[in-house]
Amino acid sequence: MRQLVLAVCSLLCALGVGATRADDVDAFTKEHAARIAVGTCGICHGPAGVSKQPKYPLLAGQNANYLAAQLKAFRSQTRGDADAIGYMWGMSATLEDGTIDALSQYYAGQAAGTGRAGDSALVARGREIYQKGIEDVGVPSCATCHGPDAHGLADFPRLAGQHAQYVLKQLGSFQNNMRNVAVMHGVAQGLKVDEMRAVAAYLEAQP
Amino acid sequence: MNSYRARARQLSRFVLLPLLAGLAAPAALAVPSFARQTGMACEACHTVWPELTHFGRVFKANGYVLDNLKQVRGVTAQKEEILSLSNLPPLSIMVQASFTQYATAQPDVTGRTQNGTVAFPQQVGLFYAGKIAPHVGAFLQLTYGYDSGSIGIDNTDIRFADLKVLPGEQTLTYGLSLNNNPTVQDIWNTTPAFGFPYATSKIGSGFGAASKIDGAFAQSVAGLTAYAFWNESLYGELGMYRSAKQGTAGPLSSTTTGGVLAGTAPYWRLAYEHNWGRNTIEGGLYGATFKEFPDFGAGFGQELTGPSDRYQDVAEDVQYQYVGDQHLFSVLGTRIHEKQTLNASINAPATATVPIPANLENDLTTVRAYGTYYYRRKIGATAGFFRTTGSSDAGLYAANSTPKPDTSGWIAEINYVPWLNTKFSVQYTAYSKYNGASDNYDGSGRKAGDNNTLYILAWLSY
């Protein structure tokens, strides 16, 4: 199973899941992006990407290539669950490639949040799923792609410390394909709601 | 009964009541131009308009400037930006059409009043709502009202705002608001200007006597206020209002209709909001002190100097919101307490066309609270109560059979929102007391319950 996942994973990497690169940016664009990040995006995501409201994902310390890919997906209206449509399609509509790269690097360079402890039984169940997956329903270990400490691997996103409410909603959206990503649809397919809740609580508790 | 009393009664029925009812009907804050400007659907800022979510409050405090539109830019040779103007102006239109039915038709002096009033349109509003320049934004409303048959300036709030990031990632949003209605600039829906009911019939009975901060000076004053919002939780504001009448050129004189403020009136606000998960809770205080030269009627040659009536308004408000994907729930309430010292009115000439108070000092208290539930922002209901009580004054309330201002009752509303910018409502207002009494409040046998009103409204914004 693990081998299979790794094979799929490296295949996807090769096929271009990580194809979007946040390229280096000049000082002017960098300053422009920092201003947008604080004054515009910051209203929801926090000035340094550490949002207080669980509806808005933490962006601080996130992988820059992943962020750039997401912003482009919002802009081209391909990442579409209800909140992506309601909030981020508009916000990303007029961002230029250079600004996207600079914003992504801005957030990647911020200190990540520190995580918030949750219900310990739920967190323990979540750790189990995260590290080992659920073999009999074909849910792979999340650690294979997102890293043993959930800090992200290659261009697979960081999940540690992320708001549980946001993670829970994303898993649901992968499952029903409103956020249409084949890999994560496959992963989330076999998860029940209380298992999603457990893994979300575990992730929120990780530093 | 003396002739003054009879006249005052007539006056109160045919002049004051519609006037109060008109004042009690706040205009709308829910404008698609914000959605066009930000590219975000209404649900970012509203549970269901016009009630604001936490983000809506932050958006307003930040001066309505957040945008994603292509800009027309001007830059100096030093790369300094001197113009950043949206390609398209943030305009919106609002249309309301309504039907009002009284439990018992309003009595008429000469004949039978027709019950069942259609207002088409009740209001048509044109809004400029959005960014003007970086850090400067406006909410500006022109409204045609079928009752006045004319277009007039409605709620206006022009802002400058900026945001500072403090050590430890705390934020400080601060700004100035230039506006024409005390509380129109407030960011919670508990305060009068944008409080529930969001729309009422222009010919309904309204809510009887009201404190001054509760709409008395809407669109007839101008105020400049300064505010700060720390970490999206602690809010403080201080400002001053001065008379700014429409339809008259300054300086204001004794021929000006309606009272004129003596000097400037201070306004203040303090509130704290806490957010956790999908929940928000707020508690706050607000108030203002108005000194007014009352209007005794035409031809009195009043001087706008000397004694004035003083109204000291202090209010508390609370709000709780739960904003889920399926279920949305909120409870909002306010209590306004007014202390009146009527140095000017009490010395009014006996022939003045306004009621002359018997007491120098009076008080008036209004409590309003309501709860709203929406399912998927589509179907919802609101229920609430209102109650105004105050001291007995045989002069001020001479038109009431019991010389008290007391009005209370219930209001219930069912809403259907097929699209986020179209709303259809059925509202029922039931009075247990009106102008001082439940039965025979006007001395000619009318019951408070006769004023119960069914109001059907179509409200479109685009």
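Residues numbered from 1 in each chain as written. Chains lettered and ligands numbered in written order. Predicted model: local features only at pLDDT ≥ 70, side-chain atom pairs only at ≥ 80, totals over all residues. Heavy atoms only, no water.

A.B. asks: Just give me the short version of the interface of chain A and chain B, but keep the residues and values in it.
C.D. replies: At the interface, 22 residues of chain A touch 25 residues of chain B. At the junction of chain A with chain B, the criterion picks out 0 salt bridges. Counting across the chain A and chain B interface gives 4 residue pairs in polar contact (both at pLDDT 80 or more). Contributions of two or more residues to the side of chain A that touches chain B are made by helix H2 (27-45), helix H4 (82-92) and helix H8 (164-175) of chain A. When the residues that make up the side of chain A that touches chain B are grouped by side-chain class, the tally is 13 nonpolar, 6 polar and 3 charged. (Contact = heavy atoms within 4.5 Å. Salt bridge = Lys/Arg side-chain N within 4 Å of Asp/Glu carboxyl O. Polar contact = N/O pair within 3.5 Å; in protein donor to acceptor, adjacent residues only side chain to side chain. Helix = DSSP H or I, 4+ residues; strand = E, 2+ residues; numbered from the N terminus. Nonpolar A, V, L, I, M, F, W, Y, C, P; charged D, E, K, R; others polar.)

A.B. asks: Describe unusual backbone geometry, listing the residues and the values that go with them.
C.D. replies: All names here are of chain B. With an omega dihedral of 5 degrees, the bond running from Trp 49 to Pro 50 counts as a cis peptide bond. Counting through the fold element by element, Pro 50 comes out in the loop between helix H2 (32-38) and helix H3 (54-61). Along the chain, Phe 120 connects to Pro 121 via a cis peptide bond; the corresponding omega equals -10 degrees. One non-glycine residue with positive phi stands out, namely Thr 183, at about 85 degrees. Residue position: Thr 183 is located in the loop between strand S7 (170-179) and strand S8 (221-230). Look at Gln 219: it is not a glycine, yet its phi comes out positive at around 65 degrees. Inspection of the secondary structure puts Gln 219 in the loop between S7 and S8.

A.B. asks: Tell me what's going on with the packing of helix H3 (residues 64-75) of chain A against helix H5 (residues 97-108) of chain A, and back it up with residues and numbers.
C.D. replies: Residues and elements named next belong to chain A. Put simply, H3 and H5 touch, their axes get as near as 8 Å, and they point 140 degrees apart. It follows from the interaxial angle that H3 and H5 lie oblique. H3 and H5 meet at a crossing whose hand is right-handed. In this structure, H3 contributes Ala 64, Leu 67, Ala 68, Leu 71, Lys 72 and Arg 75 to the contact, and H5 contributes Asp 97, Ile 100, Asp 101, Ser 104, Gln 105, Tyr 107 and Ala 108. The class makeup of the residues in the contact of H3 with H5 is 7 nonpolar, 2 polar and 4 charged. (Axes fitted to C-alpha atoms, helices over the stretch in contact; angles between N-to-C directions. Parallel < 35°, antiparallel > 145°, perpendicular 65-115°, else oblique. Left-handed = near helix turned anticlockwise from the far one by under 90°.)

A.B. asks: Summarise the domain arrangement of chain A; cite the residues concerned and give the values.
C.D. replies: Residue and element names in this part refer to chain A. Taken domain by domain, chain A comprises domain 1 (2-12 + 115-204) and domain 2 (16-108). A separation of 22 Å is found between the C-alpha centroids of domain 1 and domain 2. Facing 16 residues of domain 1, the contacting portion of domain 2 comprises 24 residues. Buried area between domain 1 and domain 2, both sides added, is near 1,700 Å², and the carbon and sulfur share of it is 46%. Counting across the interface, domain 1 meets domain 2 through 2 salt bridges. A salt bridge links Lys 169 to Asp 83; its shortest N-O distance comes to 2.8 Å. Remark: the boundary between domain 1 and domain 2 carries 13 residue pairs in polar contact (both at pLDDT 80 or more). Here the side of domain 1 that touches domain 2 takes 5 residues from H8, the largest share from any one element. Grouping the constituent residues of the side of domain 1 that touches domain 2 by class yields 6 nonpolar, 6 polar and 4 charged. (Domains from an automatic or database assignment. Buried area = accessible area lost by both parts, 1.4 Å probe.)

A.B. asks: Quick one: what's the story with the pattern of salt bridges, residue by residue and with numbers?
C.D. replies: Residue and element names in this part refer to chain A. The full count for this structure, using the stated rule, is 24 salt bridges over all chains. A salt bridge links Arg 116 to Glu 204; its shortest N-O distance comes to 3.4 Å. Of the two residues, Arg 116 is situated in the loop between H5 and helix H6 (120-132) and Glu 204 in helix H10 (residues 193-205); the sequence distance between them amounts to 88 residues. Given a relative accessible area of 34%, Arg 116 falls into the partly exposed group. Salt bridges here are not isolated pairs; linked through shared partners, they connect Lys 55, Asp 81, Asp 83 and Lys 169. (Buried < 20%, exposed > 50% of the residue type's maximum accessible area, 1.4 Å probe, protein only.)

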